[in-house]
Amino acid sequence: MPAPLPAERPGEILDAGLKSASELSGLASGRAREVLRALWRSKTFVIGAAIVLFWVLDAIFWPLFVPYDPEGLVSPATLQPPSAEHLFGTDDLGRDIFSRTLAGARPTLTVAPLATAIGVAGGILVGLFTGFYRGLADDIAMRVVDALLAFPLIIIAVLVISILGPSITNVILVIGIVFTPIVARTVRSAVLVERQREYVAAARLLGNSDLYIMFVEILPNITGPIAVEITIRLGYAIFTSATLSFLALGIQQPSPDWGLTISIGRVFLQTAPSEVLFPAAALATLIVGVNLIADGLRQVLEE
Amino acid sequence: MSRFLAKRLVLAFVTLFCVSIILFLVAQVMPGDVGRAILGPYATEVQVRALDHQLGVDRPLLERYSTWLGGFMRGDWGNSFLLHRPVAAIAFDRLYNSLILGGFALLLIVPTSIGFGVLAALNYGKWPDRVISVAGLSLIALPEFVTGIMVLVIFAVELGWLPASSHVPSVNPLDWFRQLLLPSIPLMFVLFGYISRMARTGTIESLRSNYVRTAILKGLPRRTVIWQHVLRNSLLPTITVISVQTGYLVGGLVVTETLFNYPGIGKLVLDSAVQHDLPVLQATVLLVAVLYMALTLLADVLYTLLNPRVRLAA
C-alpha cells in the first residue's frame, strides 16, 4: 500500500506527478494511486482482500502450520467429531480434517488462477483483434461466443472432461478455453469504444502499425474493465473447478482439495458431518472473498 | 415488432446450428476412437472395429453429422448404449422430473426475491438494503454443492426434518415440500441473488423517474405510487432475468440432482458423460441448449409485449 497522501490537496499530487521524468507516466501513476487509495477506503474491497490474502498465505505456507500430514493416515479412529487432538475431527480414512482443510487451499488456488490466466490472455487477444478489425471474423467469433454461452459452463466442462479424462490439466484448459470468448466479449466492447477516440486516430496518423496501436495504445486504456473481468472470472474459476472436483471430474485422490473432500465425505454425512462441513466453509469464505474484491473494484473503477 | 422477433428467431436457429456442430465435434471427434472410448483400453482391436461399424462411426464425418442432426429433428435420437432403450423416452422422462424440481424452486423464489428486491430499493442505502444486497451477492457466488451440503447437514442430519435423498413427489402437496424443498434450496439461493438485484435496480430507477416524482407531488398516497407507478415499470427487466436464469437452472440441476440423488435431466447429463453413453449425452445436451434458447426467446417476446416503448417503436 502507498504512503497516505494528503487528500485535501490533490493539486499537489498532480504537480509532483507532472514534475517527474515523464509527464504521461506521471499522470498514469497518479490515476493508479487514486484508484489504490479509493480501494483502500472501500470496506468491501478490504474485507475481501483480507480473506483472500489469508487463503493465499495458507496455500503457500500450510506445511508450517499443519499438525499432521494431510494425506497421512494419522489416527486409527475414523470419522471422529472435533476433539482437542484433532481440531476438526478425522475423516473416513483417519486423516486429520484440520490439516486437510488448510492444505486444500493449494490445489484450488493453483487451478483457478491458471485457468483465469489462460482465459484472460486468450480473451484479450481475441477481443483486441475482433474489436479492432470488426468485419466477418468478428461476426463469426461473436456467433461462436453465443453458442458457447448457450450452455451452462458446468455442462460444457462435464462434456469435455468426461471425454478427455479427469485431470488437473484438463480442468485448467477447459475452464480457460470457455472463459476466452466471455473475456473476449468484454474486451471487444471496450475496444469498440476506444478505437473511436482521438488518440487512436493520432497514432494512426503517426504511422504506427496496427499491432502497436492495439497493444501499446488501446490495451493500457482498457485495464479497468479487464481488471474487473479478471476478478469476476477468478470467482467463477474457483466455483467451477470446485464443482468439477465435487463431480469427481477434477482433481483426484488423495489430494485434500475441498471439492473432492466434500464429494467423498458426503457418503458419511449422517455419521460425521465435519468431514464436509469444514471444507465447505473454507470454500465458501474464499469465494465470497474473491467476489467482494470484484465488487469493490467495480464500484471504485465505475466512480 | 414482428420483424424484431423474426430476427431473434433466425439468430436463435443459427446459434443452435453452431451448438450442434460444436457438440458433435466434442462428442464424436475429440475422443478419437468412439469404439475404444466405450469399450475401454482392454478390448481387442477387432472388437473395437466391430463396434465402430455397428455404431456407424467408421463412416465419413459429414454423413454422420447430417444423419445425427436429421434424426434429432425427427425425434429419432437413437438408443442408449447402456440402457438399450430409446434416448428420447429416457430424456423426456428425466426432463419432466427436472421441470417439477425447477418449477417448484421458481414458484417459491420468484415472488420472494422480487419482494426483497423491492424492499431493498425502498430502503435504498439503509440497513435492509445493505443486508439484502450483501446476502444476495454471497448467495450467487456459492457453488450449489456447498450450500446443498450445508442444508443437508442442518435439516437432514442434525434436525432430521427432511430426507437426505429425494424422489419424484406424489400428488400430495405435503410430499412436494418434503421431497423438493431441500434440493431446490441451492437453486433458490443463486436465483435469489440475480432476481432480487434486478428488481432492486429496476425499482430504484423508476423511483428516480419524472413520472414517479409527478405522482408523489400530485399528492397520491405512497401505496398507490408504488403499486401503480413504480412496480409496473420496475419489473420489466426482472422478467428477462427470470427467463435467462431459468436456463442457468439446467446447469445448477446437474449438481443438485447429483447431490440429492434426484432422477432429473442434470443427473442424466452427468451419468451419460461419465459412462460415455454418447447418444444420450449428445441428445440431452442439445435438448438443454434448445430449451435454453427457447427460454431466452420467450423472454424477448414477453419483454416486447409488456414494454410499450419497444412494442410501438417497431
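None of these values were measured; they are calculated from a predicted model. The numbers attached to residues start from 1 for each chain and follow its sequence in the written order. Each chain takes a letter, starting from A, and each ligand takes a number, starting from 1, following the order in which they are written. Per-residue local features of the predicted model are confined to residues with pLDDT of at least 70, and side-chain atom pairs are confined, for both listing and counting, to 80 or more; whole-chain, interface and lining totals are unaffected and use all residues. Excluded from the side-chain calculations are hydrogens and water; all other atoms, namely the structure's heavy atoms, are used.

Take the overall build of chain B next. Put simply, DSSP marks the helices as runs of H or I at least four residues long and the strands as runs of E at least two long, and each gets a number from the N terminus on. Counting secondary structure elements, chain B contains 13 helices and 0 strands. Each helix and strand of chain B, placed in order from N terminus to C terminus, yields the pattern α-α-α-α-α-α-α-α-α-α-α-α-α. Dimensions of chain B, computed from the C-alpha atoms along their principal axes, are close to 85 × 55 × 35 Å. Burial analysis of chain B (314 residues in total) assigns 51% to the buried set. Any residue under 20% of the maximum accessible area for its type is buried, any over 50% is exposed, and the rest in between are partly exposed; the area is computed with a 1.4 Å probe on protein chains only.

Definition of nonpolar core: a set of buried residues of the types Ala, Val, Leu, Ile, Met, Phe, Trp, Tyr and Cys, connected through side-chain atoms within 4.5 Å. Among the nonpolar cores identified, the biggest contains 133 residues, and Ile-155, Leu-247 and Leu-283 of chain A together with Trp-77, Phe-145, Ile-149 and Leu-182 of chain B are the most heavily contacted of them. Counting residues per element, this core draws most heavily on helix α5 (residues 87-122) of chain B, at 15 residues. Not counting residues within four places of it along the chain, the set of residues in contact with Trp-77 of chain B comprises Gly-71, Phe-72, Val-87, Ala-88, Ala-91, Phe-92, Pro-279, Ala-283 and Leu-287 of chain B. Listed in part, the 16 residues of the second largest apolar core include Ile-124, Ala-203, Leu-219 and Ile-226 of chain A. The contact rule is simple, with two residues in contact once any of their heavy atoms fall within 4.5 Å.

Here the focus is the pattern of salt bridges. For this document, the term salt bridge refers to a Lys or Arg side-chain nitrogen within 4 Å of an Asp or Glu carboxyl oxygen. In this structure the tally under the stated criterion is 8 salt bridges over all chains. A salt bridge links Asp-138 of chain A to Arg-134 of chain A; its shortest N-O distance comes to 3.6 Å. Its relative accessible area of 37% is what places Arg-134 of chain A among the partly exposed residues. Its salt-bridge partner being Asp-129 of chain B, residue Arg-200 of chain B comes within 2.7 Å of it at the nearest N-O pair. Placement of Arg-200 of chain B in helix α8 (residues 173-207) and of Asp-129 of chain B in helix α6 (residues 127-141) is noted, with a sequence separation of 71 residues between them. Summarising the burial analysis for this pair, Arg-200 of chain B and Asp-129 of chain B share the class buried.

Side-chain rings of Phe, Tyr and Trp (the six-membered ring for Trp) are treated as a pair once their centres are within 6.5 Å; stacked means planes under 30 degrees apart, edge-to-face means over 60, and tilted covers the remaining angles. Evaluation of the coordinates by the stated rule reveals 15 aromatic pairs over all chains. When the ring of Phe-72 of chain B is compared with that of Trp-77 of chain B, the centres are 4.6 Å apart and the planes differ by 5 degrees; the resulting orientation is stacked. Phe-72 of chain B gets classed as buried once you look at its relative accessible area, which sits at 12%. Arranged with centres 6.1 Å apart and planes meeting at 40 degrees, the rings of Phe-155 of chain B and Trp-161 of chain B form a pair that is tilted. An aromatic cluster is built from Phe-24, Tyr-65, Trp-68, Phe-72, Trp-77 and Phe-92 of chain B, whose rings are joined through pairwise contacts. A ring is considered to have a charge above it if a Lys NZ or an Arg CZ atom is located within 6 Å of its centre and within 35 degrees of its normal. The positively charged end of Arg-233 of chain A is found above the aromatic ring belonging to Phe-179 of chain A, 5.0 Å away from the centroid. The ring of Tyr-124 of chain B has Arg-208 of chain B lying over it, and the distance from NZ or CZ to the ring centre is 5.4 Å.

Residue and element names in this part refer to chain A. In the contact formed by helix α11 (residues 223-246) and helix α12 (residues 258-265), the axes pass within 7 Å of each other and the chain directions differ by 30 degrees. Here the hand of the crossing between α11 and α12 comes out right-handed. In this structure, α11 uses Ala-242, Ser-245 and Phe-246 to contact α12, whose residues at the interface are Gly-259, Leu-260, Ile-262 and Ser-263. Axes here mean lines fitted to C-alpha atoms, for a helix over just the part in contact, with angles spanning 0 to 180 degrees between N-to-C directions. Take the far helix as your reference; a near helix turned counterclockwise from it by less than a right angle gives a left-handed crossing, and one turned clockwise gives a right-handed crossing.

A few words now on a nonpolar patch on the surface. All names here are of chain A. There is a patch of nonpolar side chains on the surface, built from Leu-125, Val-126, Phe-129, Tyr-133, Leu-211, Tyr-212, Phe-215 and Val-216 and spanning about 670 Å² of accessible area. Secondary structure elements with two or more residues in the nonpolar patch: α5 (105-133) and α10 (210-218). With respect to the helices and strands, Phe-215 occurs in helix α10. Classification of Phe-215 as partly exposed rests on a relative accessible area of 30%. A patch consists of residues whose relative accessible area exceeds 30% and which take part in no salt bridge; residues with like charges are grouped when within 9 Å of each other, and nonpolar side chains (Val, Leu, Ile, Met, Phe, Trp, Tyr) when within 5 Å. Accessible areas in this description were obtained via Shrake-Rupley with a 1.4 Å probe; residue shielding takes into account the shown protein chains only.

Relative to the helices and strands, Ser-2 of chain B is located in helix α1 (residues 2-29). Distance in space between the C-alpha atoms of Ser-2 of chain B and Val-301 of chain B is 9.6 Å, their sequence separation being 299 residues.

Moving on: the interface of chain A and chain B. With 39 residues of chain A at the contact, the number on the chain B side is 48 residues. A 1.4 Å probe defines the accessible area here, and the buried area is the portion of it lost by two parts on being joined, summed over both. The contact between chain A and chain B buries some 3700 Å² in all, and 82% of this surface belongs to carbon and sulfur atoms. At the boundary of chain A with chain B, the tally comes to 0 salt bridges. Under the rule applied, a polar contact is a pair of N or O atoms within 3.5 Å (in protein, one hydrogen donor and one hydrogen acceptor; residues adjacent in sequence only if both atoms are side-chain atoms). Where chain A packs against chain B, one counts 3 residue pairs in polar contact (both at pLDDT 80 or more). Among the secondary structure elements, those contributing two or more residues to the side of chain A that touches chain B are α6 (135-149), α7 (153-164), α11, α12 and α13 (274-302) of chain A. At 11 residues, the largest contribution of residues to the side of chain A that touches chain B is made by α13 of chain A.

The next subject is α1 of chain B. To estimate the expected span of a helix, count its residues, drop one, and scale the result by 1.5 Å. Look at α1 of chain B: 39 Å from first C-alpha to last across 28 residues, which is about the 40 Å you get at 1.5 Å a residue. Along α1 of chain B, the residues that are buried comprise Ala-12, Thr-15, Leu-16, Cys-18, Val-19, Ser-20, Leu-23, Phe-24, Val-26, Ala-27 and Gln-28 of chain B.

With that settled, the discussion passes to the environment of Arg-143 of chain A. Examined against the element boundaries, Arg-143 of chain A turns out to sit in helix α6. Overall, the relative accessible area of 22% leaves Arg-143 of chain A in the partly exposed class. Separated by 29 residues in the primary sequence, Arg-143 of chain A and Ile-172 of chain A place their C-alpha atoms 24 Å from one another. Discounting residues that sit within four places of it in the chain, Arg-143 of chain A has contacts with Leu-11, Val-14 and Thr-15 of chain B.

Now for the domain arrangement of chain B. Residue and element names in this part refer to chain B. Where each domain starts and ends comes from a domain assignment, either automatic or drawn from a database. Domain boundaries assigned for chain B yield domain 1 (16-74) and domain 2 (95-313). Each of domain 1 and domain 2 was reduced to a C-alpha centroid, and the two centroids are 37 Å apart. Between domain 1 and domain 2, the residue contacts involve 13 residues of the former and 10 residues of the latter. For the domain 1 and domain 2 pair, buried surface summed over both sides reaches about 1000 Å², with 81% attributable to carbon and sulfur atoms. By the criterion of area lost to domain 2, the three top residues of domain 1 are Leu-16, Leu-23 and Phe-72, representing 48% of everything that side buries. Along the contact surface separating domain 1 from domain 2 lie 0 salt bridges. Summed over the shared surface of domain 1 and domain 2, the result is 0 residue pairs in polar contact (both at pLDDT 80 or more). Every element with two or more residues in the side of domain 1 that touches domain 2 is listed here: α1, α2 (34-39) and α4 (61-74). Basically, the charged four are Asp, Glu, Lys and Arg, the nonpolar ten are Ala, Val, Leu, Ile, Met, Phe, Trp, Tyr, Cys and Pro, and anything else, Gly included, counts as polar. Of the residues assigned to the side of domain 1 that touches domain 2, the class counts are 11 nonpolar, 2 polar and no charged.

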